[in-house]
Amino acid sequence: MTLFLSCLLMVCIMPFLAKIPLAVAMHRHGGYNNSLPREQQQQLKGFGARATAAHYNCFEAITYFAPAALVVLATSSVGSLHVALAASFVVCRLVYLLCYWYAWDTLRSVAFVVGLALSVGLFFTAF
(Lines give C-alpha, C1' and ligand atoms only; values in the text may rest on other atoms or scores of the structure.)
Protein backbone atom coordinates (compact mmCIF):
# COMPACT_ATOMS: atom_id res chain seq x y z
CA MET A 1 0.00 0.00 0.00
CA THR A 2 2.95 2.33 0.50
CA LEU A 3 3.62 2.47 -3.25
CA PHE A 4 -0.07 3.14 -3.88
CA LEU A 5 -0.04 6.08 -1.44
CA SER A 6 3.23 7.29 -2.94
CA CYS A 7 1.55 7.40 -6.36
CA LEU A 8 -1.31 9.43 -4.93
CA LEU A 9 1.17 11.82 -3.33
CA MET A 10 3.15 12.11 -6.56
CA VAL A 11 0.06 13.01 -8.56
CA CYS A 12 -0.83 15.64 -5.96
CA ILE A 13 2.62 17.26 -5.98
CA MET A 14 3.14 16.96 -9.74
CA PRO A 15 1.66 20.43 -10.44
CA PHE A 16 4.34 21.95 -8.25
CA LEU A 17 7.09 19.98 -9.99
CA ALA A 18 5.64 21.04 -13.35
CA LYS A 19 5.90 24.64 -12.19
CA ILE A 20 9.72 24.48 -12.35
CA PRO A 21 9.98 24.56 -16.18
CA LEU A 22 7.25 27.20 -16.23
CA ALA A 23 9.15 29.36 -13.75
CA VAL A 24 12.28 29.02 -15.88
CA ALA A 25 10.32 30.11 -18.97
CA MET A 26 8.88 33.05 -17.05
CA HIS A 27 12.32 34.05 -15.83
CA ARG A 28 13.59 34.02 -19.42
CA HIS A 29 10.64 36.21 -20.41
CA GLY A 30 11.70 39.36 -18.60
CA GLY A 31 12.15 37.89 -15.14
CA TYR A 32 9.60 36.12 -12.98
CA ASN A 33 6.71 38.51 -12.35
CA ASN A 34 5.61 37.53 -8.86
CA SER A 35 3.09 40.40 -8.74
CA LEU A 36 1.14 39.22 -11.80
CA PRO A 37 2.35 35.71 -12.67
CA ARG A 38 -0.76 34.62 -14.54
CA GLU A 39 -0.70 37.74 -16.68
CA GLN A 40 2.91 36.97 -17.56
CA GLN A 41 2.04 33.33 -18.26
CA GLN A 42 -0.62 34.42 -20.76
CA GLN A 43 2.05 36.28 -22.72
CA LEU A 44 4.37 33.28 -23.03
CA LYS A 45 4.83 31.65 -26.42
CA GLY A 46 6.28 28.33 -27.53
CA PHE A 47 7.80 26.33 -24.69
CA GLY A 48 6.53 28.79 -22.07
CA ALA A 49 2.95 28.49 -23.26
CA ARG A 50 3.22 24.70 -23.33
CA ALA A 51 4.77 24.68 -19.84
CA THR A 52 1.87 26.79 -18.60
CA ALA A 53 -0.71 24.41 -20.07
CA ALA A 54 1.13 21.36 -18.74
CA HIS A 55 1.26 22.92 -15.26
CA TYR A 56 -2.47 23.61 -15.20
CA ASN A 57 -3.29 20.19 -16.62
CA CYS A 58 -1.53 18.56 -13.68
CA PHE A 59 -4.14 20.12 -11.39
CA GLU A 60 -6.88 18.80 -13.67
CA ALA A 61 -5.44 15.28 -13.51
CA ILE A 62 -5.87 15.28 -9.74
CA THR A 63 -9.62 15.66 -10.19
CA TYR A 64 -10.02 12.28 -11.88
CA PHE A 65 -7.18 10.28 -10.32
CA ALA A 66 -7.56 11.20 -6.64
CA PRO A 67 -11.25 10.23 -6.36
CA ALA A 68 -10.49 6.84 -7.94
CA ALA A 69 -7.54 6.29 -5.60
CA LEU A 70 -9.62 7.36 -2.60
CA VAL A 71 -12.38 4.91 -3.54
CA VAL A 72 -9.79 2.12 -3.57
CA LEU A 73 -8.53 3.24 -0.16
CA ALA A 74 -12.05 3.65 1.25
CA THR A 75 -13.03 0.14 0.22
CA SER A 76 -9.80 -1.26 1.71
CA SER A 77 -9.15 -3.08 -1.51
CA VAL A 78 -5.60 -2.03 -2.38
CA GLY A 79 -4.05 -4.90 -4.25
CA SER A 80 -1.28 -5.46 -6.74
CA LEU A 81 -3.57 -4.52 -9.64
CA HIS A 82 -4.37 -1.17 -8.02
CA VAL A 83 -0.71 -0.48 -7.38
CA ALA A 84 0.13 -1.31 -11.00
CA LEU A 85 -2.65 0.93 -12.29
CA ALA A 86 -1.60 3.83 -10.05
CA ALA A 87 2.09 3.50 -10.93
CA SER A 88 1.23 3.30 -14.62
CA PHE A 89 -0.87 6.44 -14.26
CA VAL A 90 2.09 8.31 -12.77
CA VAL A 91 4.30 7.14 -15.63
CA CYS A 92 1.68 8.28 -18.15
CA ARG A 93 1.53 11.68 -16.52
CA LEU A 94 5.31 12.05 -16.65
CA VAL A 95 5.28 11.08 -20.33
CA TYR A 96 2.43 13.55 -20.82
CA LEU A 97 4.49 16.37 -19.32
CA LEU A 98 7.52 15.59 -21.48
CA CYS A 99 5.33 15.46 -24.56
CA TYR A 100 3.73 18.79 -23.72
CA TRP A 101 7.07 20.50 -23.11
CA TYR A 102 8.57 19.18 -26.35
CA ALA A 103 5.44 19.67 -28.51
CA TRP A 104 4.88 15.98 -29.25
CA ASP A 105 1.14 16.44 -29.55
CA THR A 106 0.05 13.02 -30.83
CA LEU A 107 2.00 11.09 -28.20
CA ARG A 108 0.74 13.55 -25.58
CA SER A 109 -2.85 12.75 -26.53
CA VAL A 110 -2.14 9.02 -26.35
CA ALA A 111 -0.56 9.44 -22.90
CA PHE A 112 -3.61 11.42 -21.76
CA VAL A 113 -6.12 8.83 -22.99
CA VAL A 114 -4.15 5.92 -21.52
CA GLY A 115 -3.82 7.77 -18.21
CA LEU A 116 -7.53 8.51 -18.15
CA ALA A 117 -8.32 4.85 -18.91
CA LEU A 118 -6.00 3.77 -16.08
CA SER A 119 -7.78 6.09 -13.70
CA VAL A 120 -11.21 4.80 -14.76
CA GLY A 121 -9.89 1.25 -14.43
CA LEU A 122 -8.66 2.04 -10.94
CA PHE A 123 -12.11 3.21 -9.97
CA PHE A 124 -13.95 0.19 -11.36
CA THR A 125 -11.54 -2.37 -9.90
CA ALA A 126 -12.19 -1.04 -6.42
CA PHE A 127 -15.43 -3.00 -6.20
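For clarity, every value in this text was computed on a predicted model and none was experimentally measured.

Cut-off values and rules
- Residues numbered from 1 in each chain as written.
- Predicted model: local features only at pLDDT ≥ 70, side-chain atom pairs only at ≥ 80, totals over all residues.
- Heavy atoms only, no water.
- Helix = DSSP H or I, 4+ residues; strand = E, 2+ residues; numbered from the N terminus.
- Expected span 1.5 Å × (residues − 1).
- Bend = angle between axes of the 7 residues up to and from the residue.
- Buried < 20%, exposed > 50% of the residue type's maximum accessible area, 1.4 Å probe, protein only.
- Contact = heavy atoms within 4.5 Å.
- Axes fitted to C-alpha atoms, helices over the stretch in contact; angles between N-to-C directions.
- Parallel < 35°, antiparallel > 145°, perpendicular 65-115°, else oblique.
- Nonpolar A, V, L, I, M, F, W, Y, C, P; charged D, E, K, R; others polar.
- Patch = residues over 30% accessible without salt bridge, like charges linked within 9 Å, V, L, I, M, F, W, Y side chains within 5 Å.
- Areas by Shrake-Rupley, 256 points an atom, 1.4 Å probe, with all protein chains shown as cover.
- Salt bridge = Lys/Arg side-chain N within 4 Å of Asp/Glu carboxyl O.
- Polar contact = N/O pair within 3.5 Å; in protein donor to acceptor, adjacent residues only side chain to side chain.

A. Representation of helix α1 (residues 2-28) in the model. Taking 1.5 Å of rise per residue, the 27 residues of α1 would be expected to cover 39 Å, and the 39 Å separating its terminal C-alpha atoms lies within 8% of that figure. The sharpest bend along α1 comes to roughly 45 degrees, located at I13, with the proline P15 sitting one to four residues further on. Buried within α1 are the following residues: F4, C7, L8, V11, M14, P15, A18, P21, L22, A25 and M26. The elements touched by buried residues of α1 are α2 (37-43), α3 (47-74), α4 (80-101) and α5 (105-124). The first or second residue beyond α1 is G30, which carries a positive phi of 90 degrees.

B. Local environment of the packing of α1 against α4. Viewed as axis vectors pointing N to C, α1 and α4 meet at an angle of 10 degrees, and their least axial separation amounts to 9 Å. As summarised for this structure, α1 and α4 are arranged roughly parallel, according to the angle between their axes. The segment α1 lies against α4, with L3, F4, C7, M10, V11, M14, A18 and P21 engaging H82, V83, A86, A87, F89, V90, R93, L94, L97 and W101. A per-class count over the contact of α1 with α4 returns 16 nonpolar, 1 polar and 1 charged.

C. Summary view of a nonpolar patch on the surface. On the surface, V91, V95, L98, Y102, W104, L107, V110 and V114 cluster together into a nonpolar patch covering about 720 Å² of accessible area. Those elements that place two or more of their residues in the nonpolar patch are α4 and α5. Relative to the elements of secondary structure, V91 occurs in helix α4.

D. Here's a closer look at the environment of Y32. Among the structural elements, Y32 can be located in the loop between α1 and α2. The exposure class of Y32 is partly exposed, given its relative accessible area of 33%. The spatial distance from the C-alpha of Y32 to the C-alpha of F4 is 36 Å, given a sequence separation of 28 residues. Setting aside residues up to four positions removed in sequence, Y32 forms contacts with K19, A23, M26, H27, P37 and Q40. A distance of 3.1 Å separates a polar atom in the side chain of Y32 from a polar atom in the side chain of K19.

E. Summary view of the packing of α1 against α3. The interhelical angle for the contact between α1 and α3, taken along N-to-C directions, is 170 degrees, at an axis separation of 9 Å. One finds that α1 runs roughly antiparallel with respect to α3. When the residues that make up the contact of α1 with α3 are grouped by side-chain class, the tally is 24 nonpolar, 3 polar and 1 charged.

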